Amino acid sequence: MRFAVLIALLFHLFAYGEEAAYRPGEGVQVAGLPLYVGGYFSLNYRQQEELQQLSLDDLALLAYGDDGKFFYLAEIEASDSYLKNWMPENSTNTELRFHAERLYFGYDFNDINSLKIGKYNSPIGFWNLTPVNVLRDTTSSPVSTEILFPKYTTGFGLSHHTYSASENSINLMMQQTRDLDALYNSDDVYNNFDTDRHYGIGFVHTLGAWSYQLNTGTFHTHLKETFFYLMASLCYESETFKLLSEIGSQHDRGEFSVPYAGYVQGVYRFTPQHAGILRLEAYKDDTRAAKDAFSVFGYTYRPIYPVALKAEYQLHSLHSEDQFLISFSVLF
Amino acid sequence: MLRIILTTALLFFSLQAAQFVVIANKASKIGKDLDANEIRRIYLKKRRYIDTLRLIPLNLSASDPLRESFQRTIMSMSDRQLASYWAKQHYLGHRPPLTMMSVESVIAFVREVDGAIGYVPKEAVDASVKIIYEQREGL
């Protein structure tokens with residue numbers, strides 16, 4: 001019933017949106033207001049040695065806009081709203097449970113300085129700012145983006161940008177409260193870490209096709225754990241080729257919790273619509289007694305940019321983790 | 001022979017004539033100190049103000065040859081790169097430049113709205129707007 005209401009809402013907004021010509025991946029304006037709505041979803045199929053699964057993931061609705069120097073954004077997402085398993089057991093689960101993925105408002109002091117307040121993507125590394133399936137290079141995300149730092153921060157975010165021959169940014173994250181999603185889903189917060197404190201800083205330098213980033217910070221979880229993280233990132237991008245690499249570590253009061261987690265990824269665009277991806281990853285996670293090194297071979301087809309069909313095969317040092325993934329994702 | 005030389009020279013220089021000019025509201029603070037790099041930043045919405053003036057960049061429709069020329073010479077980005085950029089910006093809560101359906105509508109918008117900038121053929125410019133950047137193609 002809730003799924004039907006969501007579809008009806010989306011249809012109404014798109015049918016009566018203000019923009020005369022809808023362009024996929026750009027949302028629509030609502031009734032002449034400084035408000036735009038859009039969303040995205042992804043349908044994923046995964047096969048492993050003892051797992052075969054189809055899921056409707058990343059089902060999200062977002063709304064945003066700006067009025068003068070004020071800006072605002074709200075996003076709700078239902079993850080795994082449909083889950084069909086063939087292995088290890090035949091089962092089907094449908095649950096439309098929405099989480100507050102992002103909710104913030106902010107103020108642009110000028111081109112150089114801005115402040116946002118609320119829940120936002122932690123500006124750490126290059127992958128985490130646009131983490132959704134349709135915008136990333138592969139169906140899967142690097143392990144480093146899941147285990148090193150909180151993907152979302154609830155609090156204040158300060159950004160400082162300067163532009164000359166190069167572009168430079170400093171991003172500050174300050175959280176001294178529980179994750180915003182905990183207000184409604186205290187037992188299932190939408191974040192990879194259920195944090196109640198996070199302080200971090202990041203430096204970004206861009207010169208031509210090269211970008212470099214350095215991030216460090218500390219966060220405290222609802223389970224009374226404290227971690228420190230450090231990550232370095234590098235990106236080179238041209239029309240046909242993209243190189244992305246991130247490596248970091250995490251400490252727990254002087255001892256390594258994650259001694260290392262990182263990857264190197266290359267994307268080659270055969271044509272604007274077709275791309276091949278190779279990613280090499282390695283990590284050691286002492287909190288889960290896990291260690292692995294693996295290769296990801298991917299292919300992405302985008303008939304238009306906001307629509308992506310992807311396939312990938314992962315070859316792990318732990319061969320039980322080898323997996324095949326395909327996905328269909330759309331941004332609207 | 002002289003006629004052939006003159007005709008060839010005229011043809012050569014006409015090909016070097018400005019493909020488009022960038023215009024702004026005549027009374028606005030936007031001046032001729034904007035170079036191609038700054039205009040590119042404005043169209044990527046990385047620069048949104050001149051002093052306190054909010055900038056409003058305007059595009060022509062995707063099928064317009066002038067937009068293709070602007071995209072090639074100022075933006076230096078392919079259709080795929082721009083589509084990728086604006087898809088990510090949409091997720092991050094930022095809008096692409098407004099799209100106008102004709103050169104006449106670009107000029108009318110720029111004439112009425114302080115902070116608006118657009119690109120039009122030079123011969124379309126009238127006294128109601130000012131040229132802040134002129135692009136020449138060729139050598």
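Residues numbered from 1 in each chain as written. Chains lettered and ligands numbered in written order. Predicted model: local features only at pLDDT ≥ 70, side-chain atom pairs only at ≥ 80, totals over all residues. Heavy atoms only, no water.

**Examining unusual backbone geometry**
Of note, the bond from Met87 of chain A into Pro88 of chain A is cis; its omega dihedral lies within 30 degrees of zero at 0 degrees. Its place among the elements puts Pro88 of chain A in the loop between strand S5 (82-87) and strand S6 (91-94). Residues other than glycine seldom take positive phi values, yet Asp58 of chain A does so here, at roughly 55 degrees. Residue placement: Asp58 of chain A occurs in strand S3 (residues 51-67). Overall, Asp58 of chain A belongs to the buried group, its relative accessible area being 9%. Backbone geometry at Lys45 of chain B places phi at a positive 60 degrees, although glycine is not the residue there. Inspection of the secondary structure puts Lys45 of chain B in the loop between helix H2 (36-43) and strand S2 (49-50). (Helix = DSSP H or I, 4+ residues; strand = E, 2+ residues; numbered from the N terminus. Buried < 20%, exposed > 50% of the residue type's maximum accessible area, 1.4 Å probe, protein only.)

**Description of the nonpolar core**
Val22, Ile30 and Phe70 of chain B are the most contacted members of the largest nonpolar core, which totals 36 residues. Counting residues per element, the ones that place at least two in this core are strand S1 (18-25), H2, strand S4 (56-60), helix H3 (65-75), helix H4 (79-91), helix H5 (103-112), strand S6 (116-120) and strand S7 (129-136) of chain B. When near neighbours in sequence (up to four residues on either side) are disregarded, Phe70 of chain B contacts Phe20, Val22, Ile39, Tyr43, Met75 and Tyr119 of chain B. Core analysis: the second largest hydrophobic core is formed by 33 residues, Tyr40, Leu62, Tyr229 and Leu331 of chain A among them. (Core = buried A, V, L, I, M, F, W, Y, C linked by side-chain atoms within 4.5 Å. Contact = heavy atoms within 4.5 Å.)

**Some points on the side chain of Asp196 of chain A**
Residue and element names in this part refer to chain A. You can see Asp196 is positioned in strand S11 (residues 195-207). In this structure Asp196 is buried but unpaired, with Arg197 as the nearest side chain of opposite charge at 4.6 Å. At 2.7 Å, the side chain of Asp196 and the side chain of His220 are in polar contact. Apart from the residues lying within four places of it in its own chain, the contact partners of Asp196 are Gln175, Gln176, Thr177, Arg178, His220, Thr221 and His222. (Lys, Arg positive; Asp, Glu negative; His and termini not counted. Salt bridge = Lys/Arg side-chain N within 4 Å of Asp/Glu carboxyl O. Polar contact = N/O pair within 3.5 Å; in protein donor to acceptor, adjacent residues only side chain to side chain.)

**Side note on the pattern of salt bridges**
The full count for this structure, using the stated rule, is 20 salt bridges over all chains. For Lys242 of chain A, the salt bridge goes to Asp137 of chain A, with nearest N and O atoms at 3.1 Å. Highlighted residues: Lys242 of chain A in strand S14 (residues 241-252) and Asp137 of chain A in the loop between strand S8 (113-121) and helix H2 (144-147), separated in sequence by 105 residues. Each member of the pair, Lys242 of chain A as well as Asp137 of chain A, is classed as buried. What you see here is one network of salt bridges that share partners, running through Asp108 and Asp111 of chain A together with Arg48 of chain B.

**Here's the deal with the interface of chain A and chain B**
Facing the 38 residues of chain A at the interface are 22 residues of chain B. Between chain A and chain B, a total of about 2,600 Å² is buried, with carbon and sulfur atoms accounting for 50% of that surface. Per-residue buried area on chain A facing chain B is highest for Tyr64, Asp111 and Tyr305 of chain A; these three make up 24% of the total on that side. Across the contact surface, chain A and chain B share five salt bridges. A salt bridge links Asp108 of chain A to Arg48 of chain B; its shortest N-O distance comes to 2.7 Å. Where chain A packs against chain B, one counts 14 residue pairs in polar contact (both at pLDDT 80 or more). Taken together, the elements giving at least two residues each to the side of chain A that touches chain B come down to strand S2 (36-48), S3, strand S4 (70-78) and strand S7 (98-108) of chain A. (Buried area = accessible area lost by both parts, 1.4 Å probe.)

**Regarding a nonpolar patch on the surface**
A surface patch of nonpolar side chains, about 570 Å² in accessible area, is lined by Phe109, Leu158, Ile170, Leu172, Phe203, Leu214 and Leu230 of chain A. Summarising the element assignment, Leu172 of chain A is placed in strand S10 (residues 167-175). (Patch = residues over 30% accessible without salt bridge, like charges linked within 9 Å, V, L, I, M, F, W, Y side chains within 5 Å. Areas by Shrake-Rupley, 256 points an atom, 1.4 Å probe, with all protein chains shown as cover.)

**Let's talk about the environment of Val106 of chain B**
Residues and elements named next belong to chain B. Looking at the element boundaries, Val106 is found in helix H5. We classify Val106 as buried; its relative accessible area is 1%. Residues Val106 and Ile42, 64 residues apart in the sequence, show an inter-C-alpha distance of 16 Å. Every residue in contact with Val106, bar those within four places of it in the chain, is listed here: Ile23, Leu58, Leu60, Met100, Gly118, Tyr119 and Val120.

**Some thoughts on the packing of H2 of chain B against H3 of chain B**
Residue and element names in this part refer to chain B. Packing of H2 against H3 brings their axes to within 9 Å, and their N-to-C directions diverge by 120 degrees. Seen from H2, the contacting residues are Ala36, Ile39, Arg40 and Tyr43; seen from H3, they are Phe70, Ile74 and Met75. Along the lines of polarity and charge, the residues of the contact of H2 with H3 split into six nonpolar, no polar and one charged. (Axes fitted to C-alpha atoms, helices over the stretch in contact; angles between N-to-C directions. Nonpolar A, V, L, I, M, F, W, Y, C, P; charged D, E, K, R; others polar.)

**Quick word on the environment of Gly248 of chain A**
Residues and elements named next belong to chain A. Along the chain, Gly248 turns up in strand S14. The buried category is assigned to Gly248, whose relative accessible area is 8%. The sequence separation of Gly248 and Phe149 amounts to 99 residues, and the corresponding C-alpha distance is 9.6 Å. The contact partners of Gly248, leaving out residues within four places of it in the chain, are Leu148, Leu230, Met231, Pro259, Tyr260 and Ala261.

**Quick word on H4 of chain B**
Residues and elements named next belong to chain B. Relative to the 18 Å expected for 13 residues at 1.5 Å per residue, H4 spans 18 Å between its end C-alpha atoms, a close match to the ideal helical length. With 10 of its 13 residues buried, H4 lies for the most part within the structure. Along H4, the residues that are buried comprise Arg80, Gln81, Leu82, Ser84, Tyr85, Trp86, Ala87, Gln89, His90 and Tyr91. Phi turns positive one or two residues past the end of H4, at Gly93, with a value near 90 degrees. (Expected span 1.5 Å × (residues − 1).)

**Concerning the packing of aromatic side chains**
All names here are of chain A. Scanning the entire structure with this criterion turns up 24 aromatic pairs over all chains. Between the aromatic rings of Phe193 and Phe227, the centroid separation amounts to 6.2 Å while the plane-to-plane angle is 45 degrees, which identifies the pairing as tilted. Residue Phe193 is located in the loop between S10 and S11, and its partner Phe227 is located in strand S13 (residues 226-237); the two are separated by 34 residues in the primary sequence. Comparing Phe193 with Phe227 shows no difference in burial state: the two are buried. In textbook terms, an aromatic cluster arises when at least three aromatic residues are bridged by ring pairs, as seen for Phe149, Phe193, Phe219, Phe227 and Tyr229. For the cation-ring pair, Lys119 lies above Tyr152, with the distance from its terminal atom to the ring centre recorded as 5.2 Å. (Phe/Tyr/Trp six-rings, centres within 6.5 Å; stacked < 30°, edge-to-face > 60°. Lys NZ or Arg CZ within 6 Å of the ring centre and 35° of its normal.)

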